[in-house]
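The primary structure of each chain is shown beneath.
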Amino acid sequence: MKKGYLVQAWLVLVLACVFGVALAYVSSFTAPRIEKNIKSLIATKLAEMFGEGTETANPIIIQAVIEGRSKKIPCYPAIRNGNRIGWGILAEGKGYDTLTLLIGVDEQVKVLKGYRVIKSLETPGIGSKITKPFFYKQFEGQDATKPLIPVPPGKRCARQEINTISGATISSKGVTTTINENLAAVRDKLLEAISKEGK
Amino acid sequence: MAQSSLPGAAKRFKFGILDDNPTYRQLLGMCPTLAVTATLAGAVTMAAATAFVLIMANIVVSLLRKQLKGHLRILVFTMTIATFVTIVDKVLQAYYFEMSQKLGPYVPLIIVNCIIICRCEVCASRQPVGVALADAIGQSLGFLLGLISIAVVREILATGHIFVTDTYPGIQVLPSWWPSWSIMQGPAGAFITLGVLMGIVNLLSMRRKSSRVSVS
């Protein structure tokens, strides 16, 4: 019996190694294409927030600490007619599950242009409503230097307040928290990077 | 169970399509069946992804069947299935990005699709590679049939067209005055369509059975 268990343990380990190598091989030729696809998606989402004809370029990578963890946050420039008009900050956060958002801000990181969902595993039909215009339009024009405050659905919103989605409070609050944390972590460093560019 | 009492390759293949259909007979894989059948394109992509995972998992498990004993077999099944699902997910993200975005979490959820682990347990872990392969292909075709049957009904009633994608408006099936049944695109429409089609399949099966009994 003991010998049988030992044999099976070796089998599991060998399989784990073989499958690991197979996944590494697949990743080697899919990873560059996936990155290219995501970049193309980011350009499309930037055009939605900043207007048609908006393009992007290589991002500035900001090293920031969020919730005690060091993270590299790419900030994609939004470019129209050769001029940079804003930024798309690729932010990761947590709703019901992991969220990846593109946060649009103006050139001075003062005004929020909104956000778009790049990747989301929120519950379809419930948390997935964070991708709908009725929710994300609330974020447009808000002050990017102050935190957003989630309030219950139906309540009349003051400045900086965002109505959460009924039945999807966790996902809605996840979006506001992700935006607040990433903007707070990135703002000063991004402005510093911009001023260094100018010199 | 004695090898001689288990169905052979031809029977496994045939049963998987109709008699043992995973959607209408076994009622397995209900989550993707309801979630991705709003469009025919999504249904076909999901069926293809599931087919790849099912076939590869059955082959690997069948090759290892003599080494698999006791409680560790479920671990081996899960590891095998998860590997192939990850491969399919990466390939979809790389080469069919828009469809991967549309299918969202349902591609990684193939890992917990009961059709795959069921076939590993019922067939692949007990029978040779040829039989396991035939079983996987049969079950895949059965799953494809199930998804397509539901997707066709939902897409036509919801949009009046078929084969609708982001870049192609689809082929018009219903006249332009047909009001779009948007309920068919949501969960309610999925359940209603599945229920009605399952009722029709059961009715036809009962009639077939009773006509066989009356002939004998």
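Whatever comes next refers back to the structure up there.
What counts and what doesn't
- Here the residue numbering is sequential within each chain, running from 1 through the sequence in written order.
- All chains are assigned letters beginning with A, and all ligands numbers beginning with 1, in the order in which they are written.
- Predicted model: local features are reported for residues with pLDDT of at least 70 only, side-chain atom pairs are reported and counted for 80 or more only, and whole-chain, interface and lining totals are derived from all residues.
- Processing note: side-chain calculations cover all non-hydrogen atoms of the structure and skip hydrogens and water entirely.
- A run of DSSP states H or I qualifies as a helix once it reaches four residues; a run of E qualifies as a strand once it reaches two. Both are numbered from the N-terminal end.
- What the globule rule says is 2.2 Å times the number of residues to the power 0.38, and the radius of gyration is computed from C-alpha atoms.
- A simple rule labels every residue: compare its accessible area, found with a 1.4 Å probe on the protein chains alone, to the largest value its type can have, and call it buried under 20%, exposed over 50%, or partly exposed in between.
- We call two residues in contact when some of their heavy atoms are within 4.5 Å.
- Buried area adds together the accessible area that both of two parts lose upon being put together, with accessible area traced by a 1.4 Å probe.
- Salt bridge, as applied in this entry: a Lys or Arg side-chain nitrogen positioned within 4 Å of an Asp or Glu carboxyl oxygen.
- Whether two aromatic rings pair depends on their centres lying within 6.5 Å, for rings of Phe, Tyr and Trp, where Trp uses its six-membered ring; planes under 30 degrees apart make the pair stacked, over 60 edge-to-face, and the rest tilted.

A. Seen up close, the overall build of chain A. When helices and strands are tallied, chain A shows 3 helices and 7 strands. Listing the helices and strands of chain A from first to last along the sequence gives α-β-β-β-β-β-α-β-β-α. For 199 residues, the compact-globule estimate of 2.2 N^0.38 gives 16 Å, and the C-alpha radius of gyration of chain A, at 21 Å, exceeds that figure by more than 25%. When the 199 residues of chain A are sorted by exposure, 42% land in the buried category.

B. Focus on the interface of chain B and chain A. Contacts between the two partners involve 23 residues from chain B and, on the opposite side, 20 residues from chain A. Interface area, chain B with chain A, both sides summed: about 2,100 Å², of which 77% is carbon and sulfur. At the junction of chain B and chain A, the tally comes to 0 salt bridges. Looking at the side of chain B that touches chain A, the elements that each hand over two or more residues are α4 (72-95) and α5 (97-103) of chain B.

C. Inspection of the packing of aromatic side chains at higher detail. Residue and element names in this part refer to chain A. Enumeration over the complete set of coordinates arrives at 8 aromatic pairs over all chains. Taken together, a centroid distance of 6.4 Å and an interplanar angle of 70° make the contact between Y115 and F135 edge-to-face. A residue pair is termed long-range when its members are at least 10 positions apart, and Y115 in strand β5 (residues 112-120) and F135 in helix α2 (residues 133-136) qualify at 20 residues. On the basis of relative accessible area, Y115 is assigned to the buried category, the value being 0%. F135 sits in the buried class, given a relative accessible area of 0%. Each ring, one from Y115 and one from Y136, has its centre 6.2 Å from the other, and the planes form 80°; the classification is edge-to-face. In this pair, Y115 is assigned in strand β5 and Y136 in helix α2, connecting sequence segments 21 residues apart.

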